[in-house]
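Chain by chain, the residues run as shown.
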Amino acid sequence: LLLQFVLWLKECATGNLGQSIFLQQPVTQALLQRAEPTFFLAMFSLAIAAAIGIPAGIASAVWRGRPIDQAVSGLAMLAANIPSFWLGLFFIQLFAVRFRWFPVAGYGAPDASFFERLQHLFLPSAVLGVVNSALITRFTRASMLDVLDAGFVRAARAKGISELRVVLRHAFGNALVPIITVLGLTLALLIGGAIVTETVFGLPG
């Protein structure tokens, strides 16, 4: 068994993952066939998570200690603890069954257009985006709080620069490094951990 494992690691280093007993085809080929839905799901989910988490984190940091900060922190805590499968079923019931705005499940026909694929991906992307926005919100808030107390931010305010420009250009620009780092980590988690949401929505990922 040890020799088999060493040989398997050697083949992995060259991109050969072996033969799938269940699918009767090379594992690499099977992964490539299923990579497209998971890749687009992860990218769209990350975009939604960033669109929610970054503005919410900035607002929470700017108005720290105020009701908006407490509301954002509470919603982030709620989003972080919602099971993705429950949120997925709720979205299906509300937006697909009741309002019929999106397809219930699947990835469309084999010859489906990109727009049709996007319709099938919107609900699962929204589920993963909402769940993962909590982490981005917390990191954005913490990073912004560190920068907002810096000397160059106080100097920018002393020069009479508008508060919006101070926050977005001077503070947010210097707080981007940890935010970009957490975005990369979130993308890796989305690619590897989207299997539950894919199962709920019947995506062939």
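Treat the numbers as computed from the prediction; the structure is a model and nothing was measured.

All right, on to the layout of surface pockets then. Roughly 200 Å³ of internal volume is contained in the largest pocket. Lining the largest pocket we find Ile-52, Ala-56, Val-72, Leu-75, Ala-76, Leu-78, Ala-79, Ile-82, Val-130, Ser-133, Ala-134 and Thr-137. Elements supplying a minimum of two residues to the lining of the largest pocket: α2 (27-62), α3 (67-81) and α5 (114-148). Here the element with the most residues in the lining of the largest pocket is α3; it accounts for 5 residues.

Moving on: the nonpolar core. Of all hydrophobic cores here, the largest spans 37 residues; its most connected members are Ile-54 and Met-144. Here this core gets 11 residues from one element, more than from any other, and that element is α5. Apart from the residues lying within four places of it in its own chain, the contact partners of Met-144 are Ile-58, Ala-61, Val-167, Ala-171, Phe-172 and Ala-175.

Below, the discussion takes up the confidence of the model for the protein. Summary statistics for the protein give a mean pLDDT of 85 and a share of 100% for residues scoring 70 or more. Within the protein, α3 carries the highest mean pLDDT (89), whereas strand β1 (residues 19-20) carries the lowest (78).

Before going further, it helps to examine the packing of aromatic side chains. Under the definition given, this model contains 9 aromatic pairs. Pairing Phe-91 with Phe-95 gives two aromatic rings, centres 5.4 Å apart and planes at 85°, and the pair type is edge-to-face. Taken together, the residues Phe-91 and Phe-95, both in helix α4 (residues 84-98) and 4 residues apart, mark about one turn of the helix. Ring pairs connect the aromatic residues Trp-86, Phe-90, Phe-91, Phe-95, Phe-99 and Trp-101, which therefore count as one cluster.

Position of Ser-143 relative to the elements: it lies in helix α5. Apart from residues lying up to four places away in sequence, Ser-143 is in contact with Ala-175, Pro-178 and Ile-179.

Evaluation of the coordinates by the stated rule reveals 2 salt bridges. Among the ionic pairs, Asp-149 bridges to Arg-64, the shortest N-O distance being 3.0 Å. Of the two residues, Asp-149 is situated in the loop between α5 and α6 (151-158) and Arg-64 in the loop between α2 and α3; the sequence distance between them amounts to 85 residues. Accessibility expressed as a relative area gives 40% for Asp-149, which makes it partly exposed. The salt bridge partner of Arg-141 is Asp-69, with a shortest N-O separation of 2.9 Å. On the criterion of sequence distance, the pair formed by Arg-141 in helix α5 and Asp-69 in helix α3 is long-range, its members being 72 residues apart. According to the relative accessible area criterion, Arg-141 is partly exposed, its value standing at 24%.

It is worth spelling out the packing of α3 against α5 at this point. Between α3 and α5, the least distance of the axes is 7 Å, while the angle of their chain directions is 140°. As summarised for this structure, α3 and α5 are arranged oblique, according to the angle between their axes. With respect to the hand of their crossing, α3 and α5 are arranged in left-handed fashion. Two secondary-structure elements touch here, α3 through Asp-69, Val-72, Ser-73, Ala-76, Ala-79 and Ala-80 and α5 through Val-130, Val-131, Ala-134, Thr-137, Arg-138 and Arg-141. Taken together, the residues that form the contact of α3 with α5 break down as 7 nonpolar, 2 polar and 3 charged.

Rules used in this analysis
- Residues numbered from 1 in each chain as written.
- Predicted model: local features only at pLDDT ≥ 70, side-chain atom pairs only at ≥ 80, totals over all residues.
- Heavy atoms only, no water.
- 1 Å grid on protein atoms, 1.4 Å probe; cavity = no way out; pocket = protein on both sides within 12 Å on 5 of 7 lines; lining within 4 Å.
- Points joined across faces, edges and corners; volume = space filled by probe spheres on them.
- Helix = DSSP H or I, 4+ residues; strand = E, 2+ residues; numbered from the N terminus.
- Core = buried A, V, L, I, M, F, W, Y, C linked by side-chain atoms within 4.5 Å.
- Buried < 20%, exposed > 50% of the residue type's maximum accessible area, 1.4 Å probe, protein only.
- Contact = heavy atoms within 4.5 Å.
- pLDDT = per-residue confidence, 0-100.
- Phe/Tyr/Trp six-rings, centres within 6.5 Å; stacked < 30°, edge-to-face > 60°.
- Salt bridge = Lys/Arg side-chain N within 4 Å of Asp/Glu carboxyl O.
- Axes fitted to C-alpha atoms, helices over the stretch in contact; angles between N-to-C directions.
- Parallel < 35°, antiparallel > 145°, perpendicular 65-115°, else oblique.
- Left-handed = near helix turned anticlockwise from the far one by under 90°.
- Nonpolar A, V, L, I, M, F, W, Y, C, P; charged D, E, K, R; others polar.

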